[in-house]
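# Chains, contacts and geometry: an overview
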Amino acid sequence: MSFTVWDLVEVRPCGADDRGLYARRDIRRGEVIGSFDGRATLLGIGPDGRLETGGYAFKDLIQLRRVGDSVLVLAPVDGFEGVDFTNHSCQPNAAVQQGVVLVARRKIKAGEQITMDYRRMDVVPEGIDCWCQTEQNCRI
């Protein structure tokens, strides 16, 4: 279970089948929004150079560090809540520091969806086309 500063954020539907993290009030640049948690697990990198996800969804893993032919990840334990619903954007308003701490990169206005750039976190890219459409030819 991840830690979330609930005074700052709430989880709301976004799109037909997804949820996102939204600011309840203005969030100052540098303010901590929460931190990711999970079961520390080593997952292999296959011969194709892609992460072997061990049955987890790629987007649900927090990649921490490459260790030889493996990647140390945080894998979900008890479902998702709070910061776990932070979606990708090529022009994010939040960033991950120290591998797990989500902080505001700039002032985030009340009601704004909180996003981060998955490409800045992933040790091994997933290799899929970006869905946020803010940059051409972006691949996560």
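Quick note: structure is the one above.
Description of the structure in this document. (Residues numbered from 1 in each chain as written. Predicted model: local features only at pLDDT ≥ 70, side-chain atom pairs only at ≥ 80, totals over all residues. Heavy atoms only, no water.)

## Brief notes about the sheet that holds strand β2 (residues 9-14)
- In space, the four strands of this open sheet follow the order β2-β3-β11-β8, with mixed pairing throughout. Strands with a single pairing partner mark the edges of an open sheet, and in this sheet they are β2 and β8 (87-88).
- With six bridges joining them, β2 and strand β3 (residues 18-23) adopt antiparallel strand pairing. Paired with V9 across the bridge in β3 is A23. (Pairing = 2+ DSSP bridges. Helix = DSSP H or I, 4+ residues; strand = E, 2+ residues; numbered from the N terminus.)

## Points about the pairing of β3
- Between β2 and β3, which pair antiparallel in sequence order, lie three residues; one of them, G15, sits at a positive phi of approximately 75°.
- Of the strand pairs in this sheet, β3 and strand β11 (residues 113-116) are connected by two bridges, and their pairing is antiparallel. The residue of β11 that forms the bridge with L21 is I114.

## A closer look at the packing of aromatic side chains
- By the definition in use, this model includes zero aromatic pairs.
- For R12, the ring lying beneath its charged end belongs to Y22, and the centroid distance is 4.0 Å. (Phe/Tyr/Trp six-rings, centres within 6.5 Å; stacked < 30°, edge-to-face > 60°. Lys NZ or Arg CZ within 6 Å of the ring centre and 35° of its normal.)

## Observations regarding the side chain of Q63
- Among the secondary structure elements, Q63 is positioned in strand β6 (residues 62-67).
- Since its relative accessible area comes to 3%, Q63 is described here as buried.
- A distance of 2.7 Å separates a polar side-chain atom of Q63 from the backbone nitrogen of V123.
- Within the structure, Q63 has its side chain in polar contact with the backbone nitrogen of V124 (distance 2.7 Å). (Buried < 20%, exposed > 50% of the residue type's maximum accessible area, 1.4 Å probe, protein only. Polar contact = N/O pair within 3.5 Å; in protein donor to acceptor, adjacent residues only side chain to side chain.)

## Notes on the pattern of salt bridges
- Evaluated as defined, the whole model comprises seven salt bridges.
- Note that R12 and E10 form a salt bridge whose closest N and O atoms lie 3.3 Å from each other.
- What makes E10 partly exposed here is its relative accessible area of 23%.
- With a shortest N-O distance of 3.9 Å, E10 and R24 are connected by a salt bridge. In this pair, E10 sits in strand β2 while R24 sits in the loop between β3 and β4 (32-35), placing the two residues 14 residues apart along the sequence.
- The class for R24 is partly exposed, based on a relative accessible area of 45%.
- Bridged by salt links that share partners, the residues E10, R12 and R24 form one connected network. (Salt bridge = Lys/Arg side-chain N within 4 Å of Asp/Glu carboxyl O.)

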